[in-house]
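Architecture and fold: a report
Listed below are the residues making up each chain.
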Amino acid sequence: MRSNRWLIGGLAVSVIFNLLLAGFVFGRLSGLGPPPAYGPDPTVGFVRLLGFMDDARRASVRPTLREHMSDTIPLLRKMRRNQSAVVEALVREPFDADALAASLSTLLDNLTAAQLASHEAFVALASQLSAVERKQLAQAMRRGPPLHRRGHDSERGDHPLGMQGGRRGIDAPQEFR
């Protein structure tokens, strides 16, 4: 009995190991590689990727970014309210599927508007960059945004738009509040 348990346990470990190895080999041979660091939209949070620029260069593109972000930030606030409305509709009793669908539709409308505004800001930024800077931005996009942690640059005021670390990560600059 005891040897059967060891045999079954060893067989299970061997099967798991072989499946992991086969998955690894298949993944390498498929050419797909790891998923992108940026998710479905590589422009999301692009302002956080500008760490490759020196302070003077960031200062030169800051006015354009602020101009475009002033359109985006109110849309992001609307989206937060829309997200809250979705959660409220989900837990409301009695449940109203139409109210949930309507709140999701409103969220989608505002998400689309915010994404369009963000894309306009991204194009405006890219238009101001040199070929080398655009390549550096593309590389930063592949790596993904830097991790935000206590004491990081954004809390010291080094954010490209002058944003400060806040309760939920990064808040808008004072003039946008």
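In case you missed it, the structure is sitting above this.
Within any chain, residue numbers begin from 1 and follow the written order of that chain's sequence. Local features in this predicted model are restricted to residues of pLDDT 70 or higher, and side-chain atom pairs are both shown and tallied only at a pLDDT of 80 or more, whereas totals for entire chains, interfaces and linings draw on every residue. To get the side-chain values, all heavy atoms of the structure are used, and hydrogens and water are removed first.

1. Digging into the overall build of the protein chain
Think of it this way: any DSSP run of H or I at least four residues long counts as a helix, any run of E at least two long counts as a strand, and we number them from the N terminus. Tallying secondary structure elements over the protein chain gives four helices and two strands in all. Exposed residues in this analysis have more than 50% of their type's maximum accessible area, buried residues have under 20%, and partly exposed residues fall in between, with area computed by a 1.4 Å probe over protein chains only. By the burial criterion, 26% of the 177 residues in the protein chain qualify as buried. Considering only contacts in the protein chain between residues 6 or more positions apart, those separated by 24 or more positions represent 67%. What sets the accessible areas is the Shrake-Rupley method with a 1.4 Å probe; for residues, cover comes only from the shown protein chains. A total accessible area of about 12400 Å² is found for the protein chain, and carbon and sulfur atoms account for 60% of it. Every residue pair with non-hydrogen atoms within 4.5 Å of one another is taken to be in contact.

2. Description of the packing of helix H2 (residues 55-91) against helix H3 (residues 97-128)
Where H2 meets H3, the closest approach of the two axes is 8 Å, and the angle between their N-to-C directions is 170°. By the angle between their directions, the pair H2 and H3 is classed as roughly antiparallel. In the scheme used here, Gly and all other residues not listed as nonpolar or charged are polar, with Ala, Val, Leu, Ile, Met, Phe, Trp, Tyr, Cys and Pro taken as nonpolar and Asp, Glu, Lys and Arg as charged. Grouping the amino acids of the contact of H2 with H3 by side-chain chemistry returns 21 nonpolar, eleven polar and three charged. Interaxial angle, 0 to 180 degrees, is taken between N-to-C directions of lines fitted to C-alpha atoms, where a helix line uses only the stretch in contact. Under this scheme an angle from 65 to 115 degrees is roughly perpendicular, one under 35 degrees roughly parallel, and one over 145 degrees roughly antiparallel; angles in between are oblique.

3. A look at the side chain of Ser118
Its place among the elements puts Ser118 in helix H3. If near-sequence neighbours (up to four positions away) are discounted, Ser118 is found in contact with Thr43, Phe46 and Thr72.

4. A word on the side chain of Glu133
For Glu133, the location among the structural elements is in helix H4 (residues 131-143). Two N or O atoms form a polar contact when they lie within 3.5 Å of each other; inside protein one atom must be a possible hydrogen donor and the other a possible acceptor, and for residues adjacent in sequence the pair counts only when both atoms belong to side chains. A polar contact is formed between the side chain of Glu133 and the side chain of Arg57, at a distance of 2.7 Å. Glu133 has contacts with Phe52, Arg57 and Gln128, leaving out every residue within four places of it along the chain.

5. A few points about H2
Multiplying 1.5 Å by the helix residue count minus one yields the expected span of that helix. Spanning 37 residues, H2 covers only 47 Å between terminal C-alpha atoms, well under the ideal 54 Å at 1.5 Å per step. Take the seven residues that end at a residue and the seven that start at it, fit an axis to each, and the angle between those axes is the bend at that residue. In H2, a bend of some 40° at Arg62 exceeds every other bend along the element, and Pro63, a proline, comes one to four places later.

6. Considering a nonpolar patch on the surface
On the surface, Val87, Leu90, Val91 and Phe95 cluster together to form a nonpolar patch covering roughly 390 Å² of accessible area. Within the secondary structure, Leu90 sits in helix H2. A residue is classified by how much of its surface remains accessible, and Leu90, at 52% relative accessible area, is exposed. For patch building, the residue pool is restricted to those with more than 30% relative accessible area and no salt bridge; the joining distance is 9 Å between like charges and 5 Å between nonpolar side chains (Val, Leu, Ile, Met, Phe, Trp, Tyr). Each salt bridge in this description consists of a side-chain nitrogen of Lys or Arg and a carboxyl oxygen of Asp or Glu lying within 4 Å of one another.

7. What to know about a positive patch on the surface
A cluster of basic residues, Arg77, Lys78, Arg80 and Arg81, forms a positive patch at the surface. For Arg77, the location among the structural elements is in helix H2. When charges are tallied, Lys and Arg are placed among the positive residues and Asp and Glu among the negative ones, while His and the ends of the chain are skipped. Taken as the charge centre is NZ of Lys, CZ of Arg, CG of Asp or CD of Glu, depending on the residue.

8. Topic: the nonpolar core
In this structure, Phe46, Leu50, Leu65, Leu125 and Leu137 are the most contacted members of the largest nonpolar core, which totals 16 residues. For this core, the secondary structure elements donating two or more residues are H2, H3 and H4. Counting residues in hydrophobic clusters, the runner-up holds eight residues, among them Leu75, Met79, Ala89 and Ala114. As used in this record, nonpolar core signifies buried Ala, Val, Leu, Ile, Met, Phe, Trp, Tyr and Cys residues forming a set joined through side-chain atoms within 4.5 Å.

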